[in-house]
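Now for the letters of each chain:
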Amino acid sequence: MHRLTELIREDMKPALGVTEPGAIAYAAAEAKSRVKGEIKKVKVALNSGMYKNAFTCGIPNSEHYGNLHAAALGVTAAKPELGLMSLRDITPEDDRRAAELIEAGAVEVSLDHIGSEITIDACVQTEEESCTVHIRGSHTHITSIEKNGVCIYSGEEAAKSVAKTQGNDAAEAIDGDGPPLIHRHSFRNILEYVRTVNPEELLFIREAFSMNMELFCEGMRSERTVILKKLLKDNGGEIISGDVKKTAQLLCSGAIEARVLGLSSPAMSITGSGAHGIIATMPLYAQYKVNEREADERLLLRAAALSFLITMYIKEYSGRLSAFCGCGIAAGTGMACGLGLLRGAEEEELFMIIKNMASGITGMICDGGNHGCAMKGIVAVDAAFRAAELALEHVCIDGIHGINGRTPEDTMRYMGRIASPGMTETEKTIVEIMEEKVRRDV
């Protein structure tokens, strides 16, 4: 199996609801699973991206939202063995018990620092014991666990042990000194891989389309989705119409809306985000379905692989959680490239697509995982379709302008730099606004 295929497979994971509440619940549940006795205190410290993204986010199977309830549900009923699906089996009784913990003042969630790299420190104290779980870099990557003040697990030591038994490939995968694996491949390398990889290797990507479509269908059945219903009306009341862009906006933002409202079906995530996974795939699926008679599923899978890899390439520069909307900017650019591939774009035209997206959408902010993500999905799809259509006519914003670079790699790197370190102060301001709204009870 090609290393890039493995990279996509490793990164593509089901996630229930927005991944930040799921990650908070997962960390708290992992800590709770290692202690005995009645819970006395739950303390969770987060980087600004985690804190912001879960701030007003709906939680699956719960009437509540936000950081506190995610942490409380983590210790009352979440199942750590399910990872980002840890809240899958929450019941109304679990929700009630979590609310009681919060009302009793037993749950505390704090902003630790402003930063785009994921950090979660979840401490659970009982009458008898205490345990702290530390997560770094990705939503479920536990780097260490301390119980009663003693380290009982070190991720670094575990990784070294794996490398000794599995050889050079594993050592390369944990090498923190070199560039990320995706950055060891040029844009040309990625494109060559996408065009030549055995399509049998990509069949697992089908699950992303089916899972995200199932989430969309739950949104169709829900009385809570309002943007989905308006987009459905705009699409002539049809899920798949003859209008590709309207169909793409419906499938994409409909699934995002269902996700941020906390409906009970998972999304297939990429780079740790369900919305990224939805934007990276659903518009491509729309293009495929609208033209199904002439469409080639193998080309759809290749386009999705390109979409995922471009998304990952930009996100490694911007950081997993930052002040710019990675869903619209990174996944939107990946999806635009996938759309171009479906429409016959060559390497030069695909680079034009990247430059058009960099020039048009890079400034979009991320103000957390919330209902507004569905609006950002609409904008991202519109920008991607326009970027691709212009590029296919050999129209683009030249590399001399703005943050565009002389190469695709430079352009994507500059896009990422806008977020990190570029928008650190923006992130701080967004969090301050959110906390001000809480103080004013807005």
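Cut-offs applied
Residues numbered from 1 in each chain as written. Predicted model: local features only at pLDDT ≥ 70, side-chain atom pairs only at ≥ 80, totals over all residues. Heavy atoms only, no water. Buried < 20%, exposed > 50% of the residue type's maximum accessible area, 1.4 Å probe, protein only. Helix = DSSP H or I, 4+ residues; strand = E, 2+ residues; numbered from the N terminus. Pairing = 2+ DSSP bridges. Salt bridge = Lys/Arg side-chain N within 4 Å of Asp/Glu carboxyl O. Lys, Arg positive; Asp, Glu negative; His and termini not counted. Contact = heavy atoms within 4.5 Å.

Every regular strand shows the same layout, with side chains that alternate between the two sheet faces. Here strand E8 (residues 266-269) shows a buried face lined by Pro266 and Met268 and a second buried face lined by Ala267 and Ser269. The pairing of strand E1 (residues 13-16) with E8 spans 4 bridges and is antiparallel. Considered in E8, the bridge of Pro14 is made with Met268.

Counted under the stated rule, the structure contains 26 salt bridges. Here Lys245 ties to Asp382 by a salt bridge, and the two come within 2.8 Å at their closest N and O atoms. Here the residue Lys245 occupies a position in helix H11 (residues 244-260), and Asp382 occupies one in helix H16 (residues 372-392), the gap between them amounting to 137 residues. Residue classification places Asp382 among the partly exposed residues on the basis of a relative accessible area of 22%. Residue Arg343 is joined to Glu389 by a salt bridge in which the shortest nitrogen-to-oxygen separation is 3.5 Å. Remark: Glu389 occurs in helix H16 and Arg343 occurs in the loop between helix H14 (326-342) and helix H15 (347-361); sequence separation between them is 46 residues. Judged by its relative accessible area of 39%, Glu389 is partly exposed. Through salt bridges with shared partners, a single network forms among Arg3, Glu6 and Glu10.

This next bit is on unusual backbone geometry. Cis peptide bonds are those with omega within 30 degrees of zero, and the linkage from Ser420 to Pro421 qualifies with 15°. With respect to the helices and strands, Pro421 occurs in the loop between helix H17 (408-419) and helix H18 (424-439). The backbone of Thr271 sits at a positive phi, close to 50°, despite the residue not being glycine. Here Thr271 shows up in the loop between E8 and helix H12 (274-290). With relative accessibility at 3%, the residue Thr271 sits in the buried group. Residues other than glycine seldom take positive phi values, yet His394 does so here, at roughly 60°. For His394, the location among the structural elements is in the loop between H16 and H17.

The next subject is the side chain of Glu409. Tracing the backbone shows Glu409 in helix H17. One buried charged residue, Glu409, forms no salt bridge at all, with the nearest opposite charge on Arg188 at 7.6 Å. Once you skip the residues sitting within four places of it in the chain, Glu409 turns out to touch Ser186, Phe187, Arg188 and Tyr313.

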